[in-house]
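# Report on the structure
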Amino acid sequence: MRLGLFDSGIGGFTVLKKVMELCPNNSIMYLADTARLPYGVKSNNEIVQIAEEISTWFSYQKIDAFLVSCNTTNAIALDVIKKNLDVPVFDLIGSASSIIKEPRVGVLATPSTVKTKAYTNAILECHPKTFVIEQPCPEFVPMIEMGNIDSDEITNAAIRYLQPLLKENIYSLILGCSHYPLITPLLTKMLPSNVKLIDPAEALSLKLKLFLDSKVSNYSKKKNLVDLKFYVTSNLKNFPNKANYWLNVFPEVNLVSLQKKGCVS
Ligand code: DGL
């Protein structure tokens, strides 16, 4: 099957990695909108425009399913994406919220995601008695994109972001931005052992696997990926190194213009 996914940058790698582990043997197109990174401090109007352009671009590609690998777009413009694509769409927020079992939950996310309260609303819809507290983390994405993942700077930011959540005695912590699983080692060090980290990519990949298994009868026997292609909207030169560092792949990377519908380069 041919899967499409996107993010502002390298955040979607965390979704891609889980999908490659759980659902091998697919052709994957990964679009990184590097020209407009970061998304997480943009207005709703800007995110809607971005979602419109990205889903339109993917509507011209041959894909069988689409994975919304960016929580900010998921929170603000999931309906826009679904409207423009006529393939099944899998999202992070809906997938993660449905599997929450703990009564007190913390969410780390971008400022734009937190403003929508999308995680709180989705969790309460499935489990109305849950206590949910959301924390915006504006400094994380720029630092993670720069590879600044174990400095004092990011450690201090993490301490500041986690403090209000830990005061509320949470039992689980949702990584509500796809960039954040890239700093799991740092966050794990700071969390009490009774707080479970939740990466929404796991729930999304499980849902995707169920879908793929139902579509392809002899699926998932072999562990080799069929095809992996990356597309970026800027910074063509840096991206292969980032993909190699985080995913251990040397992919083909193409520059695209989202304004020119369907064009590759
Ligand atoms: N990784 C995306 C998310 O999950 C976007 C983060 C950003 O660009 O600020 O929200």
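Criteria and cut-off values
- Residues numbered from 1 in each chain as written.
- Predicted model: local features only at pLDDT ≥ 70, side-chain atom pairs only at ≥ 80, totals over all residues.
- Heavy atoms only, no water.
- Helix = DSSP H or I, 4+ residues; strand = E, 2+ residues; numbered from the N terminus.
- Rg over C-alpha atoms; globule rule 2.2 N^0.38 Å.
- Contact = heavy atoms within 4.5 Å.
- Areas by Shrake-Rupley, 256 points an atom, 1.4 Å probe, with all protein chains shown as cover.
- Lys, Arg positive; Asp, Glu negative; His and termini not counted.
- Charge placed at Lys NZ, Arg CZ, Asp CG, Glu CD.
- Buried < 20%, exposed > 50% of the residue type's maximum accessible area, 1.4 Å probe, protein only.
- Pairing = 2+ DSSP bridges.
- Right-handed = clockwise from strand over helix to strand, strands pointing away.
- Polar contact = N/O pair within 3.5 Å; in protein donor to acceptor, adjacent residues only side chain to side chain.
- Near = heavy atom within 4 Å.
- Nonpolar A, V, L, I, M, F, W, Y, C, P; charged D, E, K, R; others polar.
- Axes fitted to C-alpha atoms, helices over the stretch in contact; angles between N-to-C directions.
- Phe/Tyr/Trp six-rings, centres within 6.5 Å; stacked < 30°, edge-to-face > 60°.
- Lys NZ or Arg CZ within 6 Å of the ring centre and 35° of its normal.

## Things to note about the overall build of the chain
Scanning the chain from N- to C-terminus turns up 11 helices and 10 strands. Against the globule reference of 18 Å for 265 residues, the chain gives a C-alpha radius of gyration of 18 Å, in line with a compact fold. C-alpha extents for the chain along the principal axes are approximately 50 × 40 × 35 Å. Of the contacts made within the chain by residues no fewer than 6 positions apart, 73% connect residues no fewer than 24 positions apart. Total accessible area on the chain is roughly 12000 Å²; 53% of this is exposed by carbon and sulfur atoms. Computing the positive centroid from 28 side-chain charges and the negative centroid from 24, the chain places the two 4 Å apart.

## Some points on the pairing of strand E7 (residues 172-175)
Across the two faces of E7 the burial is the same, with Ser172 and Ile174 and Leu173 and Leu175 all buried. Of the pairings in the sheet, the one linking strand E5 (residues 104-109) to E7 comprises four bridges and is parallel in character. For Leu108, the partnering residue across the bridge sits in E7 and is Leu175. Once you follow E7 into helix H9 (residues 184-190) and on to strand E8 (residues 196-198), the crossover reads as right-handed.

## So, the side chain of Glu53
Secondary-structure assignment places Glu53 in helix H2 (residues 44-59). For Glu53, the side chain forms a polar contact with the side chain of Arg36, separated by 3.0 Å. At 2.7 Å, the side chain of Glu53 forms a polar contact with the side chain of Gln49. Leaving out residues up to four positions away in the same chain, Glu53 has contacts with Arg36, Leu258 and Gln259.

## Let's talk about the site of the ligand
In the neighbourhood of the ligand, 13 residues make up the surrounding shell, with Ser8, Tyr39, Gly40, Thr72 and Ser178 lying closest. Ser8 places a polar side-chain atom, nitrogen or oxygen, 2.6 Å from an oxygen atom of the ligand. Backbone polar atom of Asn71 to an oxygen atom of the ligand: 2.8 Å apart, as the coordinates give it. By residue class, the composition of the shell around the ligand is five nonpolar, seven polar and one charged.

## A closer look at the sheet that holds strand E6 (residues 131-136)
Hydrogen bonds along the backbone pair up the strands of a sheet, which may run parallel or antiparallel. Strands sit in the order E6-E5-E7-E8 across an open sheet of four strands; the sheet is parallel. The open sheet has two edge strands, E6 and E8, and neither has a second partner. Averaged over all adjacent pairs, the angle separating strand axes in this sheet is 20°, with direction ignored. Sheet strands in contact with helix H8 (residues 152-167) are E5, E6 and E7, and its direction is about 165° off that of E6.

## Description of the packing of aromatic side chains
Applying the stated criterion to the full structure yields 14 aromatic pairs. Geometrically, the ring pair formed by Phe140 and Tyr161 is edge-to-face, given 4.9 Å between the ring centres and 90° between the ring planes. Residue Phe140 is located in helix H7 (residues 140-145), and its partner Tyr161 is located in helix H8; the two are separated by 21 residues in the primary sequence. Judged by relative accessible area, Tyr161 falls into the buried class, the value being 4%. Between Tyr245 and Trp246, the ring centres sit 5.0 Å apart and the planes meet at 90°, which makes this aromatic pair edge-to-face. A residue is classified by how much of its surface remains accessible, and Tyr245, at 58% relative accessible area, is exposed. Ring-pair connections join several aromatic residues into one group, and the members of that group are Phe6, Trp57, Phe58, Phe66 and Tyr231. Lying over the aromatic face of Phe131, Arg104 brings its terminal NZ or CZ to 4.2 Å of the ring centre. Sitting over the face of the ring of Tyr161, Arg160 holds its NZ or CZ atom 5.8 Å from the ring centroid.

## Examining the sheet that holds strand E2 (residues 27-32)
Taken together, six strands build an open sheet; the order of strands is E4-E3-E1-E2-E9-E10 and the sheet is parallel. At either margin of the open sheet sits one strand with a lone partner, and together these are strand E4 (89-91) and strand E10 (252-255). Each strand of the sheet is rotated relative to its neighbour by a mean of 20°, with strand direction disregarded. Here three bridges tie strand E3 (residues 65-68) to E4, and the two strands are oriented parallel to one another. Bridge pairing in E4 links Leu67 to Phe90. Contacting strand E1 (2-7), E2, E3 and strand E9 (227-232), helix H1 (residues 13-22) crosses the sheet at an angle of about 170° to E2. Across the sheet, helix H3 (residues 71-84) lies against E1, E3 and E4, angled at about 170° from E4, the strand it touches most.

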